[in-house]
Each structure stands twice: as structure tokens, then as C-alpha cells.
Amino acid sequence: MKKYRFGVIGAGNMGMAIAEGAVRAGLFERGEMLLFNRSEDKRAEKRKLGYAVTGDYTEVYTACETVLLAVKPQNFGEILPVLGACDGEKPLVVSIAAGVTFSKIEQALGGDTPVIRVMPNTPLMLGVGATELVKNAAATDAQLQQVRALFDTMGITVVFDREDMLNEVIPYAGSAPAYLYAFADAMVKSAVQHGIDAQDALHLFCQTMIGSAQMLLRGDKTPEELIKAVCSPGGTTLAAMEVLQRRDLYGMLAEASDKCIARAYELGK
């Protein structure tokens, strides 16, 4: 029997956000979780919070029922072979690394290792993430539901049947916050040029994004219908939309999404 219910290899920002989210939701107590971090100072910080900590990531793999792999994708080549050499009962492995495929993980850990790949985005750190999940053949439906329940406490989740869909969806959730931040940055800089305080402009725009998202989520109108509702004939919004249409906003976003997806497949090779 495993000593800990949940372990994290890579207790950085995202790894800790998931651990803390599990605690807030009442799924695990801090003492039931084992965290790996190379830094003694950071381990001491986590220990003060009530977590069990270790400087040996193989201990997490051998002592925990479920192990979250939250290290950077480029570090998987270092840690996977070491984990694969560990003896004992295999844990349920949850990976949040973009581009690290089931094939790569199973090659090192064995095809009988239950693995669930998870693609969260950064708003998860505030409990409002959008997360996609897919399981390998060795993982059971019950294990998938267990992991989904964890991420359901930190936003919304979508389950896919095919692993490649984690690449196809990246532009619309995983990478999308960066596009929205760029849009916000451009709008604030434009507002400043018109004499509006940057902080006021940011607050106004953020509230507008929140309200607009809520209107979209109501589902009674399509995005196109909502656009038309704001665009009065001959009005100010229509004048702005004509510029976006002329500059081919839709074409630019489609090209950006295609590039994003292509890069995800490259990382997985």
C-alpha cells in the first residue's frame, strides 16, 4: 500500500496550483501529499504549509497512489528513464506536459502504466481554468473520472477520446490566454494615446471581457449574433469592425492557430 495519496514531481507554479486546488476542494489533506522540489528552501516552505516533501523524485513515484508530472517537457528525457527503473506497484501518472506523448511516457515507464494527459491553462491557478484530458489504454474510466473530478474543482474540463486532440485544442484554451492578454495590451495602449489612464482602461476592458464571456456562455445567441447586436448601422462599433474585417482578423487568427497546432506536433516528435 502506498504511503501518500497524491504526489507532485515539479512543485512549481502550476504543480502547486493543482495541489492547493485539491486541498481547497477537500479531495486531499496536505499531509497526504508528497511534493518534490530540488531546492531545499522551497521544500522548507512547503513543509511549513503541512506538505510532506522530498528532494528525491523517485520517492514520489514509489510512495504515491497518483503522481502529477509537472516538470517542463524538456526535463522528461532526464526523469522518465529513472522512474522507469523504479520497482514496486505503478502509480497513476498524470502529465501536464505539452507534446510529451503517451508513447514517450510508456516507452520509459511501461505500457501497463496508467497515464492521463492533462492540458490545463494558466487561469487554473485562480480556480477558473479550462482543462482537457485524455487517458491511455492502461488507465481505467474510474481513474479518468477521478482526475477529472480534481480539475473540475479548478474550472471546466473536457475529455477527449483521441490523444491528438490535445494538440488540436491548444490554440483555443492552453495558448488562448496569451492572445487575450495581447488584445488587452493593445487596447490599453490605444486608450492611453487618447488620454485615458492605463489602469482605468485595463479595468474597463477586463470587465467588458468578463461580461462578454458571460453573454457568450448563456448560449442563447451565437458570437455572430452578438456582434450584430452591438453593431448599429452607421455606428461607432461598425466603423471599428470594418477595420478588423479589412485587416482580415479572422484569417490572422486562423493562421495563428494553425501555427500553434503545428508546433505542438513538432514538440511531440
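Here, every reference points to the structure presented above.
Residues numbered from 1 in each chain as written. Predicted model: local features only at pLDDT ≥ 70, side-chain atom pairs only at ≥ 80, totals over all residues. Heavy atoms only, no water.

Enquirer: Can you explain the pairing of strand β4 (residues 64–69)? Please cite residues and give values.
Expert: On any regular strand, side chains alternate: one points to one face of the sheet, the next to the other face. Of all six residues that make up β4, five are buried, and the element is covered over most of its length. As paired strands, strand β1 (residues 4–9) and β4 are joined by five bridges and run parallel to one another. Bridge pairing links isoleucine 9 to leucine 69 in β4. With four bridges connecting them, β4 and strand β5 (residues 92–95) associate as parallel partners. Paired with leucine 68 across the two strands is valine 94, which belongs to β5. The β-α-β motif built from β4, the intervening helix α4 (residues 76–84) and the parallel element β5 has right-handed crossover chirality. (Buried < 20%, exposed > 50% of the residue type's maximum accessible area, 1.4 Å probe, protein only. Helix = DSSP H or I, 4+ residues; strand = E, 2+ residues; numbered from the N terminus. Pairing = 2+ DSSP bridges. Right-handed = clockwise from strand over helix to strand, strands pointing away.)

Enquirer: With reference to specific residues and values, describe the packing of helix α8 (residues 176–193) against helix α9 (residues 198–218).
Expert: Interaxial distance between α8 and α9 falls to 9 Å at its minimum, and their mutual angle equals 135°. For the element pair α8 / α9, the angle class is oblique. As for the relative orientation of α8 and α9, their crossing is right-handed in sense. Residue-level contacts link Phe183, Ala184, Met187, Val188, Ala191 and Val192 of α8 to Ala198, Ala201, Leu202 and Phe205 of α9. Residues that form the contact of α8 with α9 fall into these classes: 10 nonpolar, no polar and no charged. (Axes fitted to C-alpha atoms, helices over the stretch in contact; angles between N-to-C directions. Parallel < 35°, antiparallel > 145°, perpendicular 65-115°, else oblique. Left-handed = near helix turned anticlockwise from the far one by under 90°. Contact = heavy atoms within 4.5 Å. Nonpolar A, V, L, I, M, F, W, Y, C, P; charged D, E, K, R; others polar.)

Enquirer: A description of unusual backbone geometry should follow, citing residues and the corresponding values.
Expert: The residue aspartate 248 is not glycine, and still its phi comes out positive at about 60°. For aspartate 248, a relative accessible area of 42% translates into the label partly exposed.

Enquirer: Talk me through the side chain of asparagine 136; I want residue IDs and the actual numbers.
Expert: With respect to the helices and strands, the residue asparagine 136 is situated in the loop between β7 (129–135) and α6 (141–152). By relative accessible area, asparagine 136 is classed as buried at 3%. Of the polar contacts made by the side chain of asparagine 136, one reaches the side chain of glutamate 106; its length is 2.9 Å. Among the polar contacts made by the side chain of asparagine 136, one reaches the main-chain carbonyl oxygen of threonine 113 at a distance of 2.9 Å. Beyond its immediate stretch of four places on either side in the chain, asparagine 136 contacts Phe102, Glu106, Thr113, Pro114 and Val115. (Polar contact = N/O pair within 3.5 Å; in protein donor to acceptor, adjacent residues only side chain to side chain.)

Enquirer: Report on the sheet that holds β7, specifying residues and quantitative values.
Expert: Each strand in a sheet pairs with its neighbour through backbone hydrogen bonds, running either in the same direction (parallel) or in the opposite one (antiparallel). Judged by pairing direction, the sheet is mixed, and its eight strands sit side by side in the order β3-β2-β1-β4-β5-β6-β7-β8 without closing on themselves. With partners counted over all chains shown, the strands left at the sheet margins are β3 (52–54) and β8 (155–159), one partner each. Ignoring which end each strand starts from, the neighbouring axes of this sheet average 20° apart. With three bridges connecting them, strand β2 (residues 33–36) and β3 associate as parallel partners. Residue pairing for β3: leucine 34 is matched across the bridge by alanine 52. Running over the sheet, α6 touches β1, β4, β5, β6 (115–119), β7 and β8 and is turned about 155° from β8.

Enquirer: Lay out the pairing of β7 with the relevant residues and their values.
Expert: Within β7, six of the seven residues are buried, leaving the element largely enclosed by the surrounding structure. In this structure, β6 lies alongside β7, joined through four bridges in antiparallel fashion. Considered in β7, the bridge of valine 118 is made with leucine 133. Relative to β8, β7 runs parallel, the two sharing five bridges. Residue pairing for β8: threonine 131 is matched across the bridge by threonine 157.

Enquirer: Help me get a handle on the environment of isoleucine 96, residues and values and all.
Expert: Inspection of the secondary structure puts isoleucine 96 in the loop between β5 and α5 (102–109). It is 19 Å that separates the C-alpha atoms of isoleucine 96 and valine 23, two residues lying 73 residues apart in sequence.

Enquirer: Break down the nonpolar core for me, citing the residues and quoting the values.
Expert: Counting 32 residues, the largest nonpolar core has Ile9, Leu69 and Leu83 as the members making the most contacts within it. Sorting the residues of this core by element identifies β1, β2, α3 (57–63), β4, α4, α5, β6 and α12 (249–267) as the ones contributing at least two each. Apart from the residues lying within four places of it in its own chain, the contact partners of leucine 69 are Ile9, Phe76, Ile79, Leu80, Leu83, Val93, Val94, Ser95 and Ile96. Listed in part, the 30 residues of the second largest apolar core include Ala11, Ala17, Leu124 and Leu150. (Core = buried A, V, L, I, M, F, W, Y, C linked by side-chain atoms within 4.5 Å.)

Enquirer: Just give me the short version of the pattern of salt bridges, but keep the residues and values in it.
Expert: Under the counting rule described, the total for this entry stands at 12 salt bridges. Taking the shortest distance from any N to any O, the salt bridge between glutamate 78 and arginine 38 comes out at 2.9 Å. Of this pair, glutamate 78 sits in helix α4 while arginine 38 is found in the loop between β2 and α2 (40–49), placing the two residues 40 residues apart along the sequence. Classification of arginine 38 as exposed rests on a relative accessible area of 56%. We note a salt bridge from lysine 90 to aspartate 112, for which the minimum N-O separation is 3.8 Å. With lysine 90 in the loop between α4 and β5 and aspartate 112 in the loop between α5 and β6, this residue pair connects regions lying 22 residues apart in the sequence. Judged by relative accessible area, which is 53%, aspartate 112 ranks as exposed. Several salt bridges share partner residues, and in doing so they unite Glu40, Arg43 and Arg47 into one network. (Salt bridge = Lys/Arg side-chain N within 4 Å of Asp/Glu carboxyl O.)

On their own, these measurements won't tell you what the molecule is for.
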